[in-house]
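# Remarks on the overall topology
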Amino acid sequence: MRSKLKWGDFVIIGVVLALAVAIAAVLALSVSGDQLYAEVWQDNELIERVELTESTDRTIDLDGHNVIVLSGRTARMQSADCRDQVCVRTGTLTHAGQVAVCLPNRVVLRLTGDTGEIDAIVS
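Let me sum up the structure you'll find in this document.

Definitions and limits used
- Residues numbered from 1 in each chain as written.
- Predicted model: local features only at pLDDT ≥ 70, side-chain atom pairs only at ≥ 80, totals over all residues.
- Heavy atoms only, no water.
- Pairing = 2+ DSSP bridges.
- Helix = DSSP H or I, 4+ residues; strand = E, 2+ residues; numbered from the N terminus.
- Axes fitted to C-alpha atoms, helices over the stretch in contact; angles between N-to-C directions.
- Buried < 20%, exposed > 50% of the residue type's maximum accessible area, 1.4 Å probe, protein only.
- Polar contact = N/O pair within 3.5 Å; in protein donor to acceptor, adjacent residues only side chain to side chain.
- Contact = heavy atoms within 4.5 Å.
- Disulfide = S-S within 2.5 Å.
- Core = buried A, V, L, I, M, F, W, Y, C linked by side-chain atoms within 4.5 Å.

## Overview of the sheet that holds strand E4 (residues 66–71)
- Pairing is antiparallel across the open sheet formed by three strands, whose spatial order is E3-E4-E5. Edge positions in the sheet fall to strand E3 (57–62) and strand E5 (74–80), since each of these pairs with one other strand and no more. The sheet shows a mean angle of 20° between the axes of neighbouring strands, direction not considered.

## Quick notes on the side chain of Thr56
- Locating Thr56 in the fold gives a position in the loop between strand E2 (45–52) and E3.
- On the accessibility criterion, Thr56 (12% relative accessible area) is buried.
- A polar contact is formed between the side chain of Thr56 and the backbone nitrogen of Thr53, at a distance of 2.8 Å.
- Leave out the neighbours within four places in its chain, and Thr56 touches Glu51, Leu70, Ser71 and Gly72.

## Section: the state of the cysteines
- Going through the model one piece at a time under the given rule, you end up with zero disulfides.
- No disulfide involves Cys87; its sulfur sits 3.9 Å from that of Cys102, the nearest cysteine.
- A residue is classified by how much of its surface remains accessible, and Cys87, at 1% relative accessible area, is buried.
- What makes Cys102 buried here is its relative accessible area of 2%.

## Considerations on the environment of Asn66
- Along the polypeptide, Asn66 turns up in strand E4.
- Along the chain, Asn66 and Met77 lie 11 residues apart, while their C-alpha atoms are 7.2 Å from each other.

## Topic: unusual backbone geometry
- At Gln85, a position not held by glycine, the phi torsion is positive, near 60°.
- Here Gln85 lies in the loop between E5 and helix H2 (86–89).

## A closer look at the nonpolar core
- Within the largest apolar cluster, 20 residues are counted, with the highest numbers of intra-cluster contacts made by Ala38, Ile68, Leu70, Met77, Leu109 and Leu111.
- Elements with a contribution of two residues or more to this core: strand E1 (35–42), E2, E3, E4, E5, strand E6 (99–102) and strand E7 (107–114).
- Here Ala38 is in contact with Glu48, Arg49, Val50, Leu52, Leu70, Ala75, Leu109, Arg110 and Leu111, once residues within four sequence places are set aside.

This is the structure in structure tokens:
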């Protein structure tokens, strides 16, 4: 037995595809205007808050203890004089909510902003 697609089947397929494209376009446009900030904290005090844009190119040196590099819409702890280097091995931060922490030097690098992504759901 062979089933043949009829004219109405093509209409339904077309409507479903059009809805999928419309939803994808709305989601893509809502993410494009997001703001992202890098916050540098030391001893529970906000040292600096920098908006990350495509043209951001900045290095923050915290008295030689930690060096933070902000490049484009990313941030990373480039170097630290602590023994364990956990903050450096955290790598590049790219999304709001990501954090790199240097406990021995009491330095926190945190990305904040409204990215439209769901971070967590708590019930």
